[in-house]
Amino acid sequence: MSKIDLRSPEVEIREIRLNSITGFAGSASGLVDCARCGGLGDRKRAFTQCMSCSTSKAICTVSLIQDIAVISHGPLGCGARFHEYAFTYQVNGAKRGVPNPKQIRVFSSDMGEEDTIYGGAEKLRTAIREVYERVHPRAIFIVTTCASGIIGDDVEGVSNEAQEELGIPVSAIFCEGFRSRIWTTGFDAGYHGIVRKLVRPSEEKIPNLVNIVNFWGSDIFSKWFQALGLVPNYLTPYATLESIADAAKAVVSVQICPTLGSYMGAAIEQTCGVPELTEAPPYGIPQTDRWFRALGKATGKEAEAERFIEKERAEWLPRFEELKKSLEGKTAYVTAGAAHGHAMLAILKEYGMNTLGAGIFHHDSVYDNPSDSLDVLKTTIGDYGDVGNYTVCNRQEYELVNLLNRLKPDIFVARHGGIVRWGARLGIPALLVEDEHYGMGYEGLVRYGRRLLNTIENVEFIKNFSRHAKIPYSEKWLTSDPYTFLSEDGNGGH
Ligand code: SF4
């Protein structure tokens, strides 16, 4: 297990810590085998389109904590995407059962050219004081950017001074975009900043409290946990400083996605002694069985878990079997972040669909907790078999469009809004489900199946739409080898 060092303000990047990569083409089983035997190489691209940035992932972990403020220490442009997290405040608060969530409060220190020459520390001090005066936050997170990282501003020093002066936690998060090609490093940096300033080991335990490392999906866990006599502690969207501190008192931590939760689960386990559940999230029938059994064992609720499994299976599996008759044999292509994409593959395969391929944004050879059973791709292959045309591709749309155009699946399943449009443009029914809890458990499998079927059956609309859509890629590119720009280094062959 990688060692979490909270004395250091910075997190080791995923390329080094987890041997994560962004370039691979081959089969899913080939990737898992190479990764697990330590022989995974990264195939570089000679050409790349734009990607994402770690700062937005760090903001994702902290911005919805209630009563806090975030300052991006850099030029205004680095904050161009921060408004995206405001939608979660408006739309998802209700789904989570948080009736009046606080509006996100994200600011920029607005570094200019002069600051990059003379240093931006003074500007950051001024920004922290002004934000404190204006919104009276209970904690402040400072998110670094390329500009403040390159000139070497002492962001940690300024944050610690401000903490002394204001008497509230002020946490520096080191997540500048150039630090890592794997933008999920930003999740780790955000969680590092949270744990080192807001979580302290505790002798006290809250019986039945279960930490859930998650994004902002709907509140499915309260209902499940009620049946098991457990209480969810959602980390960190809509959390309070108190509920985050309570993370140290929980009996176990679970995560809805090991890609997201890898660092947080390990950090709470190593610093506070709260064990992480080493079972991949509950997507697909066999994994849902395993997950509830593991949760029951970890919390001393084995009998309750067995009763819950029996009741849920009896209620939902007949409906699943009905849907399966319509979905079996349909073809699909998936694109998403790592573990969530693997979970989508499990759902499609559970329905007997033919997964023609997947374009997954990166691959972690291991997680911070290296348990095999947390590896969603390995579990999916073990339960349902291999996936061909498996690409690790950090959102290179030129590659994805080329592959989609060749494979022409019955449905294109994507996790991100910007990408799902390619399905519609190519006349392929496309499904975007933003609520990452939507397909979990037995009930989620049925919910997801209905959406898959509705999307596939709505093909006429998509075909009409595509007749009016323009594809910016030339015929020459669309008929070229999709991996033209992927080097032959590494282990993935094609
Ligand atoms: S931190 Fe760097 S990569 Fe991220 S938005 Fe700013 S300049 Fe771009």
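Residues numbered from 1 in each chain as written. Predicted model: local features only at pLDDT ≥ 70, side-chain atom pairs only at ≥ 80, totals over all residues. Heavy atoms only, no water.

Turning our attention to the overall build of the chain. Along its length, the chain carries 21 helices and 13 strands. Since a compact globule built from 494 residues should have a radius of gyration of about 23 Å, the 23 Å found for the chain is in line with a globular shape. Dimensions of the chain, computed from the C-alpha atoms along their principal axes, are close to 65 × 60 × 45 Å. Restricting to contacts in the chain with at least 6 residues of sequence separation, those with at least 24 account for 76%. Here the chain displays about 18,800 Å² of accessible surface, and carbon together with sulfur accounts for 52% of that area. (Helix = DSSP H or I, 4+ residues; strand = E, 2+ residues; numbered from the N terminus. Rg over C-alpha atoms; globule rule 2.2 N^0.38 Å. Contact = heavy atoms within 4.5 Å. Areas by Shrake-Rupley, 256 points an atom, 1.4 Å probe, with all protein chains shown as cover.)

Around the ligand sit Cys53, Thr55, Cys78, Thr145, Cys146 and Gly177, and those are all the residues in its vicinity. Of the residues that constitute the shell around the ligand, the class distribution is 3 nonpolar, 3 polar and no charged. (Near = heavy atom within 4 Å. Nonpolar A, V, L, I, M, F, W, Y, C, P; charged D, E, K, R; others polar.)

Within the open sheet, the 4 strands sit side by side as E3-E2-E4-E5. Their pairing is parallel. The open sheet is flanked by strand E3 (106-108) and strand E5 (170-173), the only strands paired with a single partner. Neighbouring strand axes in the sheet, compared pairwise and without regard to direction, differ in orientation by 25° on average. Pairing of strand E2 (residues 68-73) with strand E4 (residues 139-144) involves 6 bridges; the strand directions are parallel. For Ala69, the partnering residue across the bridge sits in E4 and is Ile140. Against the sheet, helix H3 (residues 54-62) makes contact with E2, E3, E4 and E5, and its axis sits at roughly 170° relative to E4, the strand it touches most. (Pairing = 2+ DSSP bridges. Axes fitted to C-alpha atoms, helices over the stretch in contact; angles between N-to-C directions.)

What follows is about the packing of aromatic side chains. Here the structure, examined in full by the defined rule, presents 22 aromatic pairs. A centroid spacing of 5.8 Å and a plane angle of 80° characterise the contact between Tyr398 and Phe485, whose relative ring orientation is edge-to-face. One end of the pair, Tyr398, is in helix H17 (residues 397-407); the other, Phe485, is in the segment after helix H21 (475-478), with 87 residues separating them in the sequence. By relative accessible area, which is 3% here, Tyr398 ends up buried. Exposure remark for Phe485: the relative accessible area of 28% places this residue in the partly exposed category. Residues Trp422 and Tyr473 carry aromatic rings whose centres are separated by 5.7 Å and whose planes lie at 45° to one another, so their mutual orientation is tilted. (Phe/Tyr/Trp six-rings, centres within 6.5 Å; stacked < 30°, edge-to-face > 60°. Buried < 20%, exposed > 50% of the residue type's maximum accessible area, 1.4 Å probe, protein only.)

Relative to the helices and strands, Pro9 resides in the segment before helix H1 (14-17). Through-space distance from the C-alpha of Pro9 to that of Pro318 is 51 Å; in sequence the pair is 309 residues apart. Those residues in contact with Pro9 that lie beyond four places of it in its chain are Glu156, Ala172, Phe174, His192 and Arg196.

Moving on: the domain arrangement of the chain. Segmenting the chain into domains produces domain 1 (51-198) and domain 2 (296-478). Its C-alpha centre places domain 1 at a distance of 32 Å from the equivalent point of domain 2. Between domain 1 and domain 2, the contact holds 7 residues from the first and 8 residues from the second. Summing the contributions of domain 1 and of domain 2, the shared interface buries around 590 Å²; its carbon and sulfur component is 63%. On the domain 1 side of the interface with domain 2, the three residues burying the most area are Met51, Ile182 and Trp183, jointly 53% of the side's total. (Domains from an automatic or database assignment. Buried area = accessible area lost by both parts, 1.4 Å probe.)

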